[in-house]
Amino acid sequence: MRARAALRDAPAACGPLAEARALRSHPRRAAAARWWILFFHTMRYKPAEPAHLDNDRFVLSKGHAAPLLYAAWAEAGAVGEAELLRLRQAHCALEGHPTPRLPFVDVATGSLGQGLGAACGMAYAGKYLDRASYRVFCLLGDGETAEGSVWEALAFASHYRLDNLVAVLDVNRWGQSGATALGHRTDAYARRLEAFGWNTCLVDGHDVEALCRAFRRASQVQDKPTAVVAKTFKGRGVPSVEDAGSWHGKALPREAAEAAIARLESQMQTQGPCSPRPPVEDSPPVSIADIRMPSPPAYRVGDQMSTRKACGLALAKLGRANDRVVVLDGDTQNSTFSDLFKQEHPERFVECFVAEQNMIRMAAISQANINLVGSHCGVSVGEDGPSQMALEDLAMFRSVPGCTVFYPSDAVSTEHAVHLAAKAKGMCFIRTSRPDTAVIYAAQERFEIGQAKVVRHSADDKVTVVGAGVTLHEALAAAEELSQEGVSVRVIDLFTVKPLDAATIISSAGATGGRVVTVEDHYREGGLGEAVCAAVAREPAVRVHLLAVSGVPRSGRPRELLDAFGISAGHIVAAVKSALMQENN
């Protein structure tokens, strides 16, 4: 267990290969050799400060190998050996797959195909934003290369010449339930990686000298990421287990485990501690404590502006006052108006091309401060048709733990949503719309997460109508039409669908006889209507009528589609009258 001590006992004049030969005599020369060479021979970091800005980064994409990661950090002194025996138990941070509950884990992995994308982001930040010396290492399994997101990440790393990134591909030929498609054909993996523009090294994954040479060469390559393709045998050195396909996620029987441990212990030569090299300390200080907008919104009530464009303008404006604001785009900059940010801050604009899987990682489990903007939502997209209409996005992001979901309705509220998301901890999603809509809020209006706006009310209100985005404007139009018939309704702009302002909804429902109508440019399942229903579930006097898109929509003009799918002002008028009629009956 003391690989670095073995190196220290080697001749004083030894170079990399001599060090490797000293390591060869160590029991970890089998399957775990890659870990020890990485953690105690190649990587630079401070074991006592796992989150130090200058540390080399390590991403375990094949998250099921977490026990080896925990053992490496136990060797480094960050995990107690007694804690290792509580692996996967409740109240123990050493989970079945790594999560940032542990200070030495930057991103959660285990959902295969995600780790390399996260490593690309770290390497990009290191090379282009921090301009620092730290390097990024990512260990992948061969099975996960069937995931398309892996190849998206490979293309990204090559395009941006991330020479500070090293991917180690563990080719042991086994997936979870059977052999992988390419088996042990490491040459086939190498050809594919080279075609994607990577510097590639083929090695025997159990040969520590070859691994040392590969990692040393990787540190000398410029303008290309490096992939170390390591041929390995699962369970190497353990009879009846080596290269067998039925051991995924299984522990050895006690007798076999004790025999394997005894064999390893018999080969140990020293009990000295392992000591990684310290990092080069040249990362710039980073603080997101004072994120602010340089000025209030410049819009006037009545201006026409789509929330998607208002979002692009807000991002550019935020970037002027905060040099750590970075925008990632998926080849939609001319539709989402993120090109406005690019024009002002090109050095902080990252084009990911049409690679959405690579852009979005396991943000919630990773406890990442990441903000996502979804444009072109709902049938109001119009002529582009159903493939371009996000109609399930609210349900998706509402179900993500800890995710804040913004749904602004005009340019002013959109600018505030961008600012609040930038300051919020954790994951945020901002839903923006394609059509131009009227500005309804004054520039000095204040917005808060979890606080809805009552935009129309009177003492005579009979029904509460809840909307957001384009449907808020439909609700206001319906309210005006109803007022001409002597029916007064209250209109609520949710602003944030999660957390929901239940107090405002419940108090408004109480003031309008318990009658509530929700209207949304989204499918009924998981949308704002169901969120409102959940908020009033314990209010027996409240009755909610939901208006939402049903069925798969089609191309058409936005106004036609809002009416065809039952969420236009006319349908809101009908729903209000129906609610009043039911009460009278």
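Residues numbered from 1 in each chain as written. Predicted model: local features only at pLDDT ≥ 70, side-chain atom pairs only at ≥ 80, totals over all residues. Heavy atoms only, no water.

- The protein has the name transketolase in an unreviewed UniProt entry, where Oryctolagus cuniculus is given as its organism.
- In its Subunit (unreviewed entry) section, UniProt records this for the protein: "Homodimer."
- UniProt lists a comment for the protein under the heading Sequence similarities (unreviewed entry), and it reads "Belongs to the transketolase family." (UniProt positions renumbered as here; feature names shortened; annotations may be inferred.)

## Here's the deal with the packing of helix H11 (residues 307-321) against helix H16 (residues 411-423)
Here's step 1: Remark: H11 packs on H16, axes separated minimally by 8 Å, with the N-to-C direction vectors making an angle of 45°. When the axes of H11 and H16 are compared, the pair comes out oblique. When you trace H11 past H16, the crossing you get is right-handed. Contacts between H11 and H16 involve Thr307, Ala310, Cys311, Ala314, Leu315, Lys317 and Leu318 from the first element and Ala411, Thr414, Glu415, Val418, His419 and Ala422 from the second.
Here's step 2: Classifying every residue of the contact of H11 with H16 by side-chain character gives eight nonpolar, three polar and two charged. (Axes fitted to C-alpha atoms, helices over the stretch in contact; angles between N-to-C directions. Helix = DSSP H or I, 4+ residues; strand = E, 2+ residues; numbered from the N terminus. Parallel < 35°, antiparallel > 145°, perpendicular 65-115°, else oblique. Left-handed = near helix turned anticlockwise from the far one by under 90°. Contact = heavy atoms within 4.5 Å. Nonpolar A, V, L, I, M, F, W, Y, C, P; charged D, E, K, R; others polar.)

## Here we look at the domain arrangement of the protein
Here's step 1: Along its sequence, the protein is carved into domain 1 (15-266), domain 2 (303-439) and domain 3 (453-582).
Here's step 2: Opposite the 20 residues of domain 1 that make contact, domain 2 presents 19 residues.
Here's step 3: When the two sides are added together, the surface that domain 1 and domain 2 hide from each other amounts to roughly 1,500 Å², 57% of it contributed by carbon and sulfur.
Here's step 4: The interface formed by domain 1 and domain 2 contains one salt bridge. (Domains from an automatic or database assignment. Buried area = accessible area lost by both parts, 1.4 Å probe. Salt bridge = Lys/Arg side-chain N within 4 Å of Asp/Glu carboxyl O.)

## Some remarks on the side chain of serine 338
Here's step 1: Summarising the element assignment, serine 338 is placed in the loop between helix H12 (333-336) and helix H13 (339-344).
Here's step 2: A polar contact of 2.9 Å, which involves the side chain of serine 338, links it to the side chain of aspartate 329.
Here's step 3: Apart from the residues lying within four places of it in its own chain, the contact partners of serine 338 are Val327, Asp329, Gln333 and Phe349. (Polar contact = N/O pair within 3.5 Å; in protein donor to acceptor, adjacent residues only side chain to side chain.)

## Quick look at unusual backbone geometry
Here's step 1: For the peptide bond that leads from lysine 498 to proline 499, omega is 0°, which places it in the cis range.
Here's step 2: Topologically, proline 499 is positioned in the loop between strand S16 (495-498) and helix H18 (502-511).
Here's step 3: The residue arginine 161 is not glycine, and still its phi comes out positive at about 55°.
Here's step 4: Topologically, arginine 161 is positioned in the loop between helix H7 (148-159) and strand S3 (165-171).
Here's step 5: Taking the relative accessible area as the measure of exposure, arginine 161 reaches 38% and is therefore partly exposed.
Here's step 6: Even without being a glycine, aspartate 223 presents a positive backbone phi close to 70°. (Buried < 20%, exposed > 50% of the residue type's maximum accessible area, 1.4 Å probe, protein only.)

## Digging into the sheet that holds strand S13 (residues 453-456)
Picture the strands of a sheet paired through backbone hydrogen bonds; they go either parallel or antiparallel.
Here's step 1: Spatially, the five strands line up as an open sheet ordered S13-S15-S14-S17-S18, and their pairing is mixed. Both edges of this open sheet fall to S13 and strand S18 (543-549), since each of them pairs with a single strand only. Ignoring which end each strand starts from, the neighbouring axes of this sheet average 25° apart.
Here's step 2: Looking at chain direction, strand S17 (residues 515-523) and S18 are connected through six bridges and run parallel. Looking at the pairing, threonine 518 lines up with leucine 546 of S18. (Pairing = 2+ DSSP bridges.)

## Re the sheet that holds S16
Here's step 1: Judged by pairing direction, the sheet is mixed, and its four strands sit side by side in the order S9-S11-S10-S16 without closing on themselves. Where the open sheet ends on each side, the last strands, each with one partner, are strand S9 (371-374) and S16. Between one strand axis and the next, the sheet turns through 25° on average, direction left out of account.
Here's step 2: Pairing between S9 and strand S11 (residues 428-431): four bridges, direction parallel. Bridge pairing links leucine 372 to phenylalanine 429 in S11.
Here's step 3: Running over the sheet, H16 touches S9, strand S10 (404-407), S11 and S16 and is turned about 170° from S11.

## Side note on the packing of aromatic side chains
Here's step 1: Within the structure shown, the criterion is met by 17 aromatic pairs.
Here's step 2: Taking 5.2 Å as the distance between ring centres and 65° as the angle between the ring planes, the aromatic pair formed by phenylalanine 39 and phenylalanine 58 counts as edge-to-face. Linking phenylalanine 39 in helix H3 (residues 33-42) with phenylalanine 58 in strand S1 (residues 57-60), this pair joins segments that are 19 residues apart in sequence. The pair formed by phenylalanine 39 and phenylalanine 58 is uniform in burial state, with each residue classed as buried.
Here's step 3: An angle of 45° between the planes, with centres 4.9 Å apart, marks the rings of phenylalanine 447 and phenylalanine 495 as tilted. (Phe/Tyr/Trp six-rings, centres within 6.5 Å; stacked < 30°, edge-to-face > 60°.)

## Things to note about the pattern of salt bridges
Here's step 1: What the rule picks out here adds up to 24 salt bridges.
Here's step 2: With its nearest N and O atoms 2.5 Å apart, the salt bridge here joins arginine 101 to glutamate 95.
Here's step 3: Residue glutamate 95 is classed as partly exposed on the basis of its relative accessible area, which comes to 25%.
Here's step 4: Note that arginine 236 and glutamate 242 form a salt bridge whose closest N and O atoms lie 3.8 Å from each other.
Here's step 5: A residue is classified by how much of its surface remains accessible, and glutamate 242, at 35% relative accessible area, is partly exposed.

## Focus: H16
Here's step 1: In a regular helix each residue adds 1.5 Å, so 13 residues correspond to 18 Å; H16 covers 19 Å between its end C-alpha atoms and thus fits that length.
Here's step 2: Burial of H16 is extensive: twelve of the 13 residues sit out of reach of the surface.
Here's step 3: Within H16, burial applies to Ala411, Val412, Ser413, Thr414, Glu415, His416, Ala417, Val418, His419, Leu420, Ala421 and Ala422.
Here's step 4: Turning to H16, the residues buried within the fold contact strand S6 (304-306), H11, S9, S10, S11 and S16.
Here's step 5: Near the N-terminus of H16, the side chain that reaches the backbone nitrogen of valine 412, with its oxygen 3.3 Å away, is that of aspartate 410. (Expected span 1.5 Å × (residues − 1).)

## Some words on the nonpolar core
Here's step 1: With 40 residues, the main nonpolar core has Trp35, Phe39, Phe58 and Leu69 as its most contacted residues.
Here's step 2: When residues of this core are traced back to their parent elements, those giving at least two are H3, S1, helix H4 (66-76), strand S2 (136-141), S3, strand S4 (199-204), helix H9 (208-220) and strand S5 (226-231).
Here's step 3: Membership of the second largest hydrophobic core comes to 33 residues, among which are Val107, Leu140, Trp151 and Ala188. (Core = buried A, V, L, I, M, F, W, Y, C linked by side-chain atoms within 4.5 Å.)

## What about the state of the cysteines?
Here's step 1: Applying the stated criterion across every chain, the model contains zero disulfides.
Here's step 2: Considering cysteine sulfurs only, cysteine 377 is the nearest to cysteine 311, which forms no disulfide, with 12 Å between them. (Disulfide = S-S within 2.5 Å.)

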